[in-house]
Amino acid sequence: MWEGEVVKETFLKSLDFKTSPALIYDIDSIKSKSLQTLKILHKFPTWQLYFSMKASRSPIILQTIASLEEIGIDVSSVYELQFAKTFRFKEISATGPSFNTTAIEGLSQNSQLRFYFDSMEQIRAVPISLMRHWHSGIRISVPSNLSRFDYSRFGLSREDIKSINQTPTLSCLLRHVHVHFEMTSIDEWKRVVKHISSVIPNPSNVYTIDFGGGLINLAPTPAHLEQSLSEMNEYIVRLFPNIRKIIIEPGDFLVINAGFLKTTVVTIKQVSSNVSLLGVDSSPWSLAPWTKLHVINLTSIFKQGLPRKTYRIFGNTLFEGDWFMDNSRQSPRTFELPTVGVGDSLLFSQFGAYTMSTYRPFHLLPAPKEFSYQHNSINNSKETGCHE
């Protein structure tokens with residue numbers, strides 16, 4: 001467990017306000033985990049921390065992370081880039097298929113940006129005269145268990161890299177590489193590093209490797225993270241002896257456990273003697289397509305001794321599959337909660353990442369208002385400059 005990620009009673013009691021649905025971000029928790037992570041990375045001078053903006057574009061979160069100054073940001077579109085620049089991040093990386101010819105032509109004017117080409121077509125969009133003066137590199141397609149194919153559809157293939165290496169004006173791109181994969185284990189991470197060394201003609205010329213996100217599986221505690229980085233640092237340096245910068249860019253790892261959804265029960269339906277259905281004023285289908293969930297009945301904090309019952313919880317859209325589920329999406333989850341009544345507030349955890357950034361306004365229902373929690377008090381969205 002990371003310090004600052006334990007839900008405290010003072011936080012729960014601060015949520016006794018009327019706005020619903022609402023997203024609440026624990027700023028102290030985000031800062032604590034970010035600073036703990038940076039402290040570990042300081043032991044490995046070539047390593048650097050970025051935040052993956054696709055995990056959250058909430059102004060509260062971006063402002064918090066940017067204020068720490070040492071953390072860069074990774075963006076996946078020119079629109080994310082424009083938004084990230086308003087928070088004055090000192091370093092920005094960008095990659096993705098959304099960057100078309102027009103967008104790419106304007107990127108050379110961003111001195112703090114490193115762009116990783118995702119395709120040969122993107123490379124051809126840049127005049128040769130600009131390439132040698134531009135901070136750029138390539139994204140490499142890696143073996144992927146998540147892909148429908150043997151390799152990820154993102155990034156350049158082995159044949160693409162051979163072509164780049166044989167073109168003197170482009171070979172400089174091979175000094176800086178980007179990959180992304182699910183870091184399920186150290187062995188998986190090493191397999192990706194070995195793959196990079198096998199497709200790059202001269203690994204000793206590689207100066208930067210950006211490993212993307214996915215760190216959450218390898219770092220349940222600070223000790224696990226330090227052990228993982230120590231082992232990987234030794235392995236990477238062995239294969240890339242002149243490496244100068246190793247970047248990790250987690251998103252959900254830094255913020256997912258610092259975000260909460262507060263929602264209100266608006267209807268209760270008894271469908272069997274064992275399970276009741278709770279209808280709430282928010283939509284998990286619209287807001288949390290990837291999230292695993294834990295729920296707290298906030299009312300029970302103020303009403304002790306309520307008997308526990310079994311519930312399934314559904315959202316406020318006409319989509320039949322709008323249930324609170326885990327990632328398997330196979331069937332609605334059941335929740336054991338102190339007895340719930342209409343008007344009671346429920347609090348769902350793990351809403352810090354992939355919520356507002358993946359939100360879809362079905363039926364034109366508005367997104368939840370966003371709030372920050374810091375120093376034992378709640379600040380509303382107007383005070384924090386967040387979405388209305």
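Residues numbered from 1 in each chain as written. Predicted model: local features only at pLDDT ≥ 70, side-chain atom pairs only at ≥ 80, totals over all residues. Heavy atoms only, no water.

**Section: the overall build of the protein chain**
Moving on, step 1. In terms of helices and strands, the protein chain carries 14 helices and 17 strands.
Moving on, step 2. At 23 Å, the protein chain has a C-alpha radius of gyration in line with the 21 Å of a compact globule built from 388 residues.
Moving on, step 3. A principal-axis box enclosing the C-alpha atoms of the protein chain has dimensions of 70 × 40 × 40 Å.
Moving on, step 4. Looking at the protein chain as a whole, 54% of its 388 residues are labelled buried.
Moving on, step 5. Considering only contacts in the protein chain between residues 6 or more positions apart, those separated by 24 or more positions represent 71%.
Moving on, step 6. Counting only carbon and sulfur atoms, one obtains 50% of the accessible surface of the protein chain, whose full area is about 18,100 Å².
Moving on, step 7. Taking the 39 positively charged and 35 negatively charged side chains of the protein chain as two groups, their mean positions are separated by 1 Å. (Helix = DSSP H or I, 4+ residues; strand = E, 2+ residues; numbered from the N terminus. Rg over C-alpha atoms; globule rule 2.2 N^0.38 Å. Buried < 20%, exposed > 50% of the residue type's maximum accessible area, 1.4 Å probe, protein only. Contact = heavy atoms within 4.5 Å. Areas by Shrake-Rupley, 256 points an atom, 1.4 Å probe, with all protein chains shown as cover. Lys, Arg positive; Asp, Glu negative; His and termini not counted. Charge placed at Lys NZ, Arg CZ, Asp CG, Glu CD.)

**Concerning the sheet that holds strand β8 (residues 208-210)**
Moving on, step 1. Read around the barrel, eight strands follow the order β2-β3-β4-β5-β6-β7-β8-β9 and close on themselves; strand pairing throughout is parallel. Adjacent strand axes in the sheet meet at a mean angle of 25°, parallel and antiparallel pairs treated alike.
Moving on, step 2. Of the pairings in the sheet, the one linking strand β6 (residues 136-139) to strand β7 (residues 176-178) comprises two bridges and is parallel in character. Counted as the bridge partner of R139 is H178 from β7.
Moving on, step 3. Relative to strand β2 (residues 47-52), helix α2 (residues 27-41) is tilted by about 155°, and along the sheet it contacts β2 and β9 (245-248). (Pairing = 2+ DSSP bridges. Axes fitted to C-alpha atoms, helices over the stretch in contact; angles between N-to-C directions.)

**Description of the environment of F99**
Moving on, step 1. Position of F99 relative to the elements: it lies in the loop between β4 (92-95) and α5 (101-107).
Moving on, step 2. Residue class for F99 comes out buried when judged on its relative accessible area of 2%.
Moving on, step 3. Each C-alpha atom, one on F99 and one on V78, is 6.7 Å from the other, the two residues being 21 residues apart in sequence.
Moving on, step 4. Not counting chain neighbours up to four residues away, the residues in contact with F99 comprise S76, S77, V78, A94, I104, L107, F115 and Q122.

**Describing the nonpolar core**
Moving on, step 1. Ranked by size, the top nonpolar core spans 102 residues in total, and within it W189 and F211 carry the most contacts.
Moving on, step 2. It is helix α9 (residues 186-199) that contributes the most residues to this core, six residues altogether.
Moving on, step 3. Filtering out sequence-adjacent residues up to four positions away, F211 remains in contact with V179, H180, F181, M183, W189, V193, I196, I236, I246 and I247.
Moving on, step 4. Membership of the second largest hydrophobic core comes to 12 residues, among which are F17, I24, F260 and L298. (Core = buried A, V, L, I, M, F, W, Y, C linked by side-chain atoms within 4.5 Å.)

**Concerning the packing of aromatic side chains**
Moving on, step 1. Under the defined criterion, the tally for this structure stands at 15 aromatic pairs.
Moving on, step 2. Ring plane angle 65° and centroid distance 5.7 Å describe the contact between F314 and W323, whose orientation is recorded as edge-to-face. Of the two residues, F314 and W323, neither departs from the other in class, the shared state being buried.
Moving on, step 3. Geometrically, the ring pair formed by F335 and F348 is edge-to-face, given 6.1 Å between the ring centres and 85° between the ring planes. Residue F335 is located in strand β14 (residues 335-338), and its partner F348 is located in strand β15 (residues 345-348); the two are separated by 13 residues in the primary sequence.
Moving on, step 4. Given the relative accessible area of 0%, F348 is considered buried.
Moving on, step 5. Linked through ring pairs, F324, F335, F348 and F351 together constitute an aromatic cluster.
Moving on, step 6. Above the face of the W285 ring, R360 is positioned so that its terminal group lies 3.8 Å from the ring centre. (Phe/Tyr/Trp six-rings, centres within 6.5 Å; stacked < 30°, edge-to-face > 60°. Lys NZ or Arg CZ within 6 Å of the ring centre and 35° of its normal.)

**Description of the packing of α2 against helix α3 (residues 59-66)**
Helix packing for two helices is described by the angle between their axes and how far apart those axes are.
Moving on, step 1. Direction vectors running N to C along α2 and α3 enclose 40°, while the axes themselves pass 10 Å from each other. Considering their axes alone, α2 and α3 lie oblique with respect to each other. Where α2 crosses over α3, the handedness of that crossing is right-handed. Two secondary-structure elements touch here, α2 through I27, I30 and K31 and α3 through I60, I61, T64 and I65.
Moving on, step 2. For the contact of α2 with α3, the per-class residue count stands at five nonpolar, one polar and one charged. (Parallel < 35°, antiparallel > 145°, perpendicular 65-115°, else oblique. Left-handed = near helix turned anticlockwise from the far one by under 90°. Nonpolar A, V, L, I, M, F, W, Y, C, P; charged D, E, K, R; others polar.)

**Concerning the pairing of strand β1 (residues 22-26)**
Moving on, step 1. Where burial is concerned, most of β1 is hidden: five out of the five residues are buried.
Moving on, step 2. Of the pairings in the sheet, the one linking β1 to strand β16 (residues 369-374) comprises five bridges and is parallel in character. Counterpart to D26 in the pairing with β16 is Y373.
Moving on, step 3. As defined by bridge partners, β1 adjoins strand β10 (residues 259-270) across four bridges and the pair is classed as antiparallel. If you follow L23 over to β10, its bridge partner there is L261.

**Topic: the environment of S98**
Moving on, step 1. Mapped onto the fold, S98 is located in the loop between β4 and α5.
Moving on, step 2. Considered as a pair, S98 and S32 are 66 residues apart in the sequence and their alpha carbons are 33 Å apart.
Moving on, step 3. Discounting residues that sit within four places of it in the chain, S98 has contacts with S76 and S77.

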